[in-house]
Amino acid sequence: MVKVTVCGAAGGIGQPLSLLLKQSPRISHLSLYDIVNTPGVAADLSHINTQSKVTGHVGNEQLKEAIEGSDVVVIPAGVPRKPGMTRDDLFKINASIVRDLATAAAKYAPKAFMCIISNPVNSTVPIVAEVFKKHGVYDPRRIFGVTTLDIVRASTFIGGLIGAEPSTVACKVVGGHSGHTILPLISQVPGASGKLTPEQIEKVTNRIQFGGDEVVKAKNGAGSATLSMAYAGARFALNLVEAAFFGKSIVECTYVQLDADKQGAQDTKRVIGNELQYFSVPVALGPNGVESILPIGSLSSFEQSLFSKAVAELKGNIAKGTNFVAESK
Ligand code: NAD
Ligand code: LMR
């Protein structure tokens, strides 16, 4: 019996994400929470002939029943970017949305695996961690920033360039989830670095780092990536369910607190130093969430040059999230 709650379930990501989750035989209860429209979304999805029960909960007074007893909570709640905005510009609105949802999870589902999609992920994950600490229920192995869209984009863009079927191209993407903090490790992709010129590698790295902006620009004020994010969010959540509850060995890059596996994180810390508490790293998922943090592996000199910019930006983003909770009543 696995209960998955989607917070922000009526939104651009929330609806297609919920549709994809409804297709999984691994989920027994799909709980949909939003401040608007979830009764309709839930009624609609509940007619699909897969086994999971679907319930809709709307507004703060129904948040407890939505989240209580969840095994997994996925949070795509909050506002998306418009052209000209950075993800950090969303902090003002999204920080308190994520803080309040995390507070409900800490109270009513303290053991849930938390999958954070709301931007700025670099800061919202530390917010969730600080809220859980405040409530005395913090376990760094159970809180994840969902950076899967960066991995999905990397395999699509690199696959297109080297003429490989995109889903077969596995590229680690480490760091954070915003522009220069997104660090695709193309030198480790079998068959890619030999086929690509340094100029092509630089160009595709930049495209992966700014893939979100490509969508924001094309949507021209109507939001950011929703469908590809729903695909990526469902991939992450379902992989987590498979690994945590059904014994499957799965490795995904995800933004976690490096204390989740102090020993395993040593390899990453050799590259980034001790300043950052959070970083997206390859994680072996299992019954406890983060079972181990795996090495990020060797970097090309080009990749190494990207790291210092990323570390400086991430440091500020993490402090902003942590301080926000410390300063909240
Ligand atoms: P959207 O505006 O279409 O949907 C957001 C939903 O959140 C809305 O239905 C809204 O009612 C709901 N919401 C607002 N406040 C809430 C609250 N307090 N509790 C519950 N629900 C609440 O936006 P979207 O396009 O779905 O994007 C959502 C978020 O995901 C944005 O912050 C966006 O930047 C982020 N995002 C992250 C990634 C990633 O890779 N991690 C990718 C794409 C988008
Ligand atoms: C993305 O990478 O598509 C998301 O983070 C949304 C955005 O604002 O770009």
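The structure displayed is predicted, hence computed values, not measured ones.

**Considerations on unusual backbone geometry**
Across the junction of Asn119 and Pro120, the peptide omega takes the value -5°, indicating a cis bond. Structurally, Pro120 can be placed in the loop between β5 (113-116) and α5 (121-134). Residues other than glycine seldom take positive phi values, yet Asn37 does so here, at roughly 65°. With respect to the element layout, Asn37 can be found in the loop between β2 (29-34) and α2 (38-46). Positive phi, close to 55°, is recorded for Asn220, a residue that is not glycine. The topology assignment puts Asn220 in the loop between α8 (211-219) and α9 (227-245).

**Here's the deal with the site of ligand 1**
Around ligand 1 sit 33 residues, and of these Gly8, Gly11, Gly12, Ala77 and Asn119 come closest. Only β2 and α4 (91-108) provide two or more residues apiece to the shell around ligand 1. Considering each element in turn, the shell around ligand 1 owes the most residues, three residues, to α4. Classifying every residue of the shell around ligand 1 gives 19 nonpolar, 12 polar and two charged.

**Thoughts on the site of ligand 2**
All residues in the neighbourhood of ligand 2 are listed as Pro80, Arg81, Arg87, Asn119, Leu149, Gly212, Val215, Val216, Ser224 and Ala225. Residue contributions to the shell around ligand 2 peak at three residues, all from α8. Looking at the shell around ligand 2 residue by residue, the class counts come to five nonpolar, three polar and two charged.

**Focus: the UniProt feature "binding site: substrate" (unreviewed entry) in the protein chain**
The sites that carry the UniProt feature "binding site: substrate" (unreviewed entry) are, in the present numbering, Arg81, Arg87, Asn119 and Arg153. Along the chain, Arg81 falls in the loop between β4 (72-75) and α4. With sequence-adjacent residues up to four places away left out, Arg81 is seen in contact with Arg87, Leu90, Val216 and Ser224. Examined against the element boundaries, Arg153 turns out to sit in helix α6 (residues 148-162).

**Structural notes on the packing of α4 against α5**
Two measures define how a pair of helices packs: the angle their axes make with one another and the distance between the axes. Between α4 and α5, the least distance of the axes is 9 Å, while the angle of their chain directions is 35°. In terms of crossing hand, the pair formed by α4 and α5 is right-handed. Residues Phe91, Asn94, Ala95, Val98, Arg99, Ala102, Thr103 and Ala106 of α4 lie in contact with α5, whose contacting residues are Ser123, Thr124, Ile127, Val128, Val131 and Phe132. Here the contact of α4 with α5 is built from residues that sort into nine nonpolar, four polar and one charged.

**Notes on the nonpolar core**
Counting 101 residues, the largest nonpolar core has Val73, Cys115, Ile116 and Val128 as its most contacted members. Contact partners of Cys115, with chain neighbours within four places excluded, come to Val72, Val73, Val74, Ile75, Phe144, Val146, Phe236, Ala237 and Leu240.

**Remarks on the packing of α6 against helix α7 (residues 198-209)**
Interaxial distance between α6 and α7 falls to 9 Å at its minimum, and their mutual angle equals 145°. Pair α6 / α7 crosses with right-handed handedness. When α6 is examined against α7, the residues Asp150, Arg153, Ala154, Phe157, Ile158 and Leu161 are found in contact with a partner set consisting of Gln200, Val204, Arg207 and Ile208. When grouped by side-chain class, the residues that make up the contact of α6 with α7 number six nonpolar, one polar and three charged.

**Focus on the pairing of strand β3 (residues 53-58)**
Relative to β3, β2 runs parallel, the two sharing six bridges. Bridged to Ser31 within β3 is Thr55. Note that the unit made of β2, α2 and β3 has a crossover that is right-handed.

**Some points on helix α1 (residues 14-22)**
Looking only at α1, the buried set comprises Gly14, Gln15, Leu17, Ser18, Leu21 and Lys22. The arc enclosing the buried residues of α1, seen along the axis, measures out at 165°, which places them on a common side. If you follow the buried residues of α1, they end up packed against β1 (3-7), β2, α2, β3, β4 and α9.

What counts, and at which threshold
- Residues numbered from 1 in each chain as written.
- Chains lettered and ligands numbered in written order.
- Predicted model: local features only at pLDDT ≥ 70, side-chain atom pairs only at ≥ 80, totals over all residues.
- Helix = DSSP H or I, 4+ residues; strand = E, 2+ residues; numbered from the N terminus.
- Near = placed C-beta within 6 Å.
- Nonpolar A, V, L, I, M, F, W, Y, C, P; charged D, E, K, R; others polar.
- UniProt positions renumbered as here; feature names shortened; annotations may be inferred.
- Contact = placed C-beta atoms within 7 Å.
- Axes fitted to C-alpha atoms, helices over the stretch in contact; angles between N-to-C directions.
- Left-handed = near helix turned anticlockwise from the far one by under 90°.
- Core = buried A, V, L, I, M, F, W, Y, C linked by C-beta atoms within 7 Å.
- Buried ≥ 20, exposed ≤ 12 C-beta atoms within 10 Å, placed from the backbone.
- Pairing = 2+ DSSP bridges.
- Right-handed = clockwise from strand over helix to strand, strands pointing away.
- Arc of directions from axis to C-beta.

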